[in-house]
Amino acid sequence: MDPISGLLAGFEVILTWQNIQFIFIGSVIGTLIGVLPGIGPLAALSLLLPATVALPPVGAVAMLCAIFYGSMYGGSITSILVNIPGEAASVVTCLDGYAMAKQGRAGAALGMAALGSFIAGTVGIVVLCLAAPMLGAFAIRMGPPEYAALMLLGLACTILMIQGSALKGAIMIGLGAWLAAIGMDIVTGEFRFTAGSVDLSAGIELLAVVIGLFGVSEILLNVEQSARGMAVKAKLSNLWPTRADWKASWAPILRGTGLGFAIGLLPGGGPVTASFLSYAVERRVGKNPETFGKGRIEGVAGPEAANNAAVSSGMIPLLSLGIPGNAVTALLMGALIINGVQPGPTMMIDRADVFWGVIASLYIGNVFLLVLNLPLVGLWVQLLRVPYAVLFPAILLLALVGTYSANRNLFDLWVMLGFGVVGWALRKFGYELAPLVLAFVLAPLLEQSLRQSMVMSPDGAMIFLQRPLAAVMIAAAVGVLLLVVFKRKTTTLVGGTA
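Quantities reported herein were computed from a predicted structural model and do not represent experimental measurements.

Bringing the overall build of the protein chain into the picture now. Secondary structure summary: the protein chain contains 22 helices and 2 strands in total. When each of the 498 residues of the protein chain is scored for burial, the buried share is 54%. Considering only contacts in the protein chain between residues 6 or more positions apart, those separated by 24 or more positions represent 78%. Carbon together with sulfur atoms contributes 69% to the accessible area of the protein chain, which is approximately 20,900 Å² in total.

Following this line, the structure appears as structure tokens:
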């Protein structure tokens, strides 16, 4: 299916009253999450994932995607008005956005953030559509050995995305793989690591793990820090940028879009990395770099475009390869799997309705967010007055109800609460949670395809070298691991020299 036909088919799928409602609800919730400091898209998606279990696959993923990039929009509001990033990708926007607000130009900063995000998101979706035919050609060549090699590459890329201690990251990957192995063996039917527990015989529920690790642990951290609401004093006027603003911003928007799209394709890239790199690029190429941080609109336009372009491109490895590049796309992958859709090379063939429907929903969501952000910005900022002491009990109740409603199993509640405490402790000691979730999602797929490959191979493990595509991906995985080792040694040497 060519891109135009596929996209038109996607709009036919998504343009129903029910799906439009799902996207609108996701856009509103995403903006709300972005505006309220201390929650973030990862915790929000983990908490709301159970609510999508009963929805059709297209509507469920479309709503979760809208929450994801809606938080990118909403996060810029608090960054500009009160110098508090609603989510991590909006940290850079604080630097010049808040300075513009203090100069009485909050409206122009908010308008450019929203319009730049819309332009970048639209361009990213167009490029995503153009890349689709290549994905179909790739899918036809995939078998169990290729899938096994692909999962190995995914786990290697997970190591690449680790920012802190490599040892701690490796421990989290191992822990995630071990948790995924709990339950019944897929071939022999024997129980593994259950300690005789009937509740563990079916394995650990992904929803409970994700909600506990990210949602409950986030609540505990925020309660510990006593987050409070803040009043907004900046006056809002002239939300549409001037001609001078557009003249200064069009090039940063294009650079941010290209950079963000490229970063989003890489494991561990994502919106946060894209926004920081975009700001660094604008400071380097812009005139009078010393004035950045003092109210330059380029410092708002570039990073905001970059983080939204990264959201769009992050869907490519997820939908086409079945490899989530970060924790948020891992949650989206979990949503697809829970709804009976396996993301990967065959998704565009086996579930073309979901593939193209999700892509079409991205564009509709961008339109909704543009409408929600510009005219209603005054309404959103009033939410900053709500104390966190009022919010967190409601959020915790949502987590409990959502986890229980998925399977109506009380054991899942204990799993969720247990992982919430574990996640809080791990974050306090500097352990990254994303590698655990990625390994938890990828390990079962690796085990299944690996064992299928060994059954079909007369030469044992040699099948991975006899199949060219599998051999290339295994070589790429080894290359990624060597790159990680090289980077760590270089960093150590530089640190020791310094």
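What follows continues from the structure just given.
Tallied over the full model, the rule gives 6 salt bridges. A salt bridge links D245 to R105, with the nearest nitrogen and oxygen atoms 2.7 Å apart. Of this pair, D245 sits in helix α10 (residues 243-265) while R105 is found in the loop between α5 (91-102) and α6 (106-139), placing the two residues 140 residues apart along the sequence. One connected set of salt bridges, linked through shared partners, spans R192, E447 and R451.

A separate point is the packing of aromatic side chains. Tallying each qualifying case throughout the model produces 4 aromatic pairs. Here the aromatic rings of F118 and Y363 are separated by 6.4 Å at their centres, their planes lie at 50°, and the arrangement is tilted. Taken together, the residues span a long stretch of sequence, with F118 in helix α6 and Y363 in helix α16 (residues 352-373) at a distance of 245 residues. A centroid spacing of 5.4 Å and a plane angle of 80° characterise the contact between F355 and W356, whose relative ring orientation is edge-to-face. Pair check on accessibility: F355 and W356 agree, each one buried. The cationic tip of K168 hangs over the ring face of Y431; the distance from NZ or CZ to the ring centre is 5.1 Å.

Here T122 lies in helix α6. For T122, a relative accessible area of 19% corresponds to the buried category. For the pair T122 and Y363, spaced 241 residues apart in sequence, the C-alpha separation works out to 6.4 Å.

At F193, a position not held by glycine, the phi torsion is positive, near 55°. Structurally, F193 can be placed in the loop between β2 (191-192) and α9 (206-225).

Turning next to helix α14 (residues 327-338). Since the α-helix advances by 3.6 residues per turn, residues separated by three or four positions end up pointing in the same direction. An ideal rise of 1.5 Å per residue puts 16 Å on 12 residues; α14 measures up with 16 Å between its terminal C-alpha atoms. Every buried residue of α14 is listed here: A327, V328, T329, A330, L331, L332, M333, G334, A335 and L336. The positive-phi residue at the C-terminal boundary of α14 is G340, with phi of around 80°.

Let's shift gears to a nonpolar patch on the surface. Judged by side-chain polarity, Y363, V367 and V371 come together as a nonpolar surface patch covering roughly 230 Å² of accessible area. By the element assignment, V371 lies in helix α16.

Ranked by size, the top nonpolar core spans 117 residues in total, and within it C65, I80, I204, L213, M315 and I359 carry the most contacts. Here the element with the most residues in this core is helix α4 (residues 57-82); it accounts for 14 residues. The contact partners of I80, leaving out residues within four places of it in the chain, are T93, G97, Y98, A101, A106, A109, L110 and A113. Core analysis: the second largest hydrophobic core is formed by 5 residues, A156, C157, A477 and V480 among them.

Okay, the packing of helix α2 (residues 17-35) against α16 next. Each pair of packed helices can be summarised by the angle the axes make with each other and by the distance between the axes. Running from N to C, α2 and α16 cross one another at 50°; their axes reach a closest spacing of 9 Å. The angle between α2 and α16 places the two elements in the oblique class. The chirality of how α2 crosses α16 is right-handed. Residues I20, I23, F24, S27, V28 and T31 of α2 form the contact with α16, whose own contacting residues are S361, I364, G365, F368, L369, L372 and N373. For the contact of α2 with α16, the residue count by class is 8 nonpolar, 5 polar and no charged.

With that settled, consider the side chain of S27. Topologically, S27 is positioned in helix α2. Polar side-chain contacts of S27 include one of 2.8 Å to the backbone oxygen of I23. Residues contacting S27, with those up to four places away along its chain left out, are A66, G365, F368, L369 and L372.

Cut-offs applied
Residues numbered from 1 in each chain as written. Predicted model: local features only at pLDDT ≥ 70, side-chain atom pairs only at ≥ 80, totals over all residues. Heavy atoms only, no water. Helix = DSSP H or I, 4+ residues; strand = E, 2+ residues; numbered from the N terminus. Buried < 20%, exposed > 50% of the residue type's maximum accessible area, 1.4 Å probe, protein only. Contact = heavy atoms within 4.5 Å. Areas by Shrake-Rupley, 256 points an atom, 1.4 Å probe, with all protein chains shown as cover. Salt bridge = Lys/Arg side-chain N within 4 Å of Asp/Glu carboxyl O. Phe/Tyr/Trp six-rings, centres within 6.5 Å; stacked < 30°, edge-to-face > 60°. Lys NZ or Arg CZ within 6 Å of the ring centre and 35° of its normal. Expected span 1.5 Å × (residues − 1). Patch = residues over 30% accessible without salt bridge, like charges linked within 9 Å, V, L, I, M, F, W, Y side chains within 5 Å. Core = buried A, V, L, I, M, F, W, Y, C linked by side-chain atoms within 4.5 Å. Axes fitted to C-alpha atoms, helices over the stretch in contact; angles between N-to-C directions. Parallel < 35°, antiparallel > 145°, perpendicular 65-115°, else oblique. Left-handed = near helix turned anticlockwise from the far one by under 90°. Nonpolar A, V, L, I, M, F, W, Y, C, P; charged D, E, K, R; others polar. Polar contact = N/O pair within 3.5 Å; in protein donor to acceptor, adjacent residues only side chain to side chain.

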